[in-house]
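Structural overview
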Amino acid sequence: MGDRTLEIDRVSKRFGKVTALDSVTFDVRPGELFGFVGSNGAGKTTTMRIVLGVLAADSGEVRFDGAAVTHETRTRIGYLPEERGLYPKMKVLDQLVYLAQLHGFSANEAHRGAESWIERLGLAERRGDEVQKLSLGNQQRVQLAAALVHEPDVLVLDEPFSGLDPIAVDVMSDVLREKAATGVPVVFSSHQLDLVERLCDRVGIIRSGQIVACDSVSGLTAGAASRITVLAPDAPAGWAAHLPGVRVLSENGDGTLVELAPDIDDQTVLAAALATGPVREFTRHHPSLTELFRSAVTGEAAS
Ligand SMILES: Nc1ncnc2c1ncn2[C@@H]1O[C@H](COP(=O)(O)OP(=O)(O)OP(=O)(O)O)[C@@H](O)[C@H]1O
């Protein structure tokens, strides 16, 4: 694939007896925001470190734009590491200029880039402050600026939203969307699944070092069980109990809550309800990403 896709291809990694990654495979396409989610210790950081070459894989390959990522081409990746990586005593502007120059920018270009990201990320009043004197959220903004200041072709961000206030979350989200809109593949890990659901084009779920789901949120949802609330006031108790592929979760004056197996047509439930008399409510609830995530990491059906 020579089209600015980031490909993680059957990457495996062991630490002693621990299999951290077991043939992890997914791709992040140009212009795509890809959410990488999984429980603590599932393998997200290890995957990202391998993409960046901070760690070597035992087997498998990472490619960008059709070619294996090398030490040289890694400079095209913007990385926000989980452990953060700023020089605490360096001032915000100096730090960003320095990092841009490390990536080959001239002093002028580096200053222009640094100033523009400082402005964009709301750090103008902090530009002369030492990083260690900033609040955690502002340090995170500087860290994002550091990942962006060399105008990378790929963005790999390890929990960029952790510790941010809602305004900073909005700024971060806008910047990631903008970068993706320019054709940059953007992958980020997060435990904030509502945010991932809102932002991402596709989501990969990793469990114990294996990718267990990878699709758009709607694609993941479509394959999962869904629930329906049916309000049929004249229906006798137990009216839905024997419908194939249907599980009754509750039944009371507010209606009957049923869960459908993924391949069951909801119209059969509607027809059965109508056969009992009028149907006043028929509401389908698709599982949220949080519910899908729970089912993917526990192996139980999503609800
Ligand atoms: N340097 C290391 N030495 C030994 N084991 C490691 C090392 N780094 C990671 N691991 C192990 O590899 C597994 C995957 O860890 P990783 O940090 O990639 O998970 P994660 O999904 O990023 O978790 P979190 O959400 O908690 O950040 C865990 O079992 C972890 O203990």
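Residues numbered from 1 in each chain as written. Predicted model: local features only at pLDDT ≥ 70, side-chain atom pairs only at ≥ 80, totals over all residues.

A closer look at the packing of helix α2 (residues 92–102) against helix α3 (residues 107–120)
- Relative to each other, α2 and α3 sit at 130°, their axes nearing to 8 Å. Here α3 runs oblique to α2, going by the angle between their axes. In the packing of α2 onto α3, the handedness of the crossing is right-handed. Packed against α2, whose contacting residues are V92, L93, L96, V97, A100 and Q101, the element α3 presents A107, E109, A110, H111, G113, A114, W117 and I118 at the interface. (Axes fitted to C-alpha atoms, helices over the stretch in contact; angles between N-to-C directions. Helix = DSSP H or I, 4+ residues; strand = E, 2+ residues; numbered from the N terminus. Parallel < 35°, antiparallel > 145°, perpendicular 65-115°, else oblique. Left-handed = near helix turned anticlockwise from the far one by under 90°. Contact = placed C-beta atoms within 7 Å.)

Describing the site of the ligand
- Around the ligand, the neighbouring residues are F15, V18, A20, G38, N40, G41, A42, G43, K44, T45 and T46.
- Every element with two or more residues in the shell around the ligand is listed here: β2 (18–28) and α1 (44–52).
- In terms of residue count, α1 provides more of the shell around the ligand than any other element does, three residues in total.
- Partitioned by chemical class, the residues of the shell around the ligand number four nonpolar, six polar and one charged. (Near = placed C-beta within 6 Å. Nonpolar A, V, L, I, M, F, W, Y, C, P; charged D, E, K, R; others polar.)

Digging into the sheet that holds strand β3 (residues 33–38)
- In space, the six strands of this open sheet follow the order β6-β7-β8-β3-β9-β10, with mixed pairing throughout. Edge strands, defined here as strands with exactly one partner in the open sheet, are β6 (77–80) and β10 (210–215). Recorded for the sheet is a direction-independent mean angle of 15° between the axes of neighbouring strands.
- As defined by bridge partners, strand β9 (residues 202–207) adjoins β10 across five bridges and the pair is classed as antiparallel. Of the residues in β10, the one forming a bridge with I206 is I211.
- Relative to the sheet, helix α4 (residues 136–148) contacts β6 and β7 (154–157), its axis offset from that of β6 by approximately 165°.
- Sheet strands touched by helix α5 (residues 166–181): β3, β7 and β8 (186–189). Its angle to β8, the strand with the most contacts, is close to 150°. (Pairing = 2+ DSSP bridges.)

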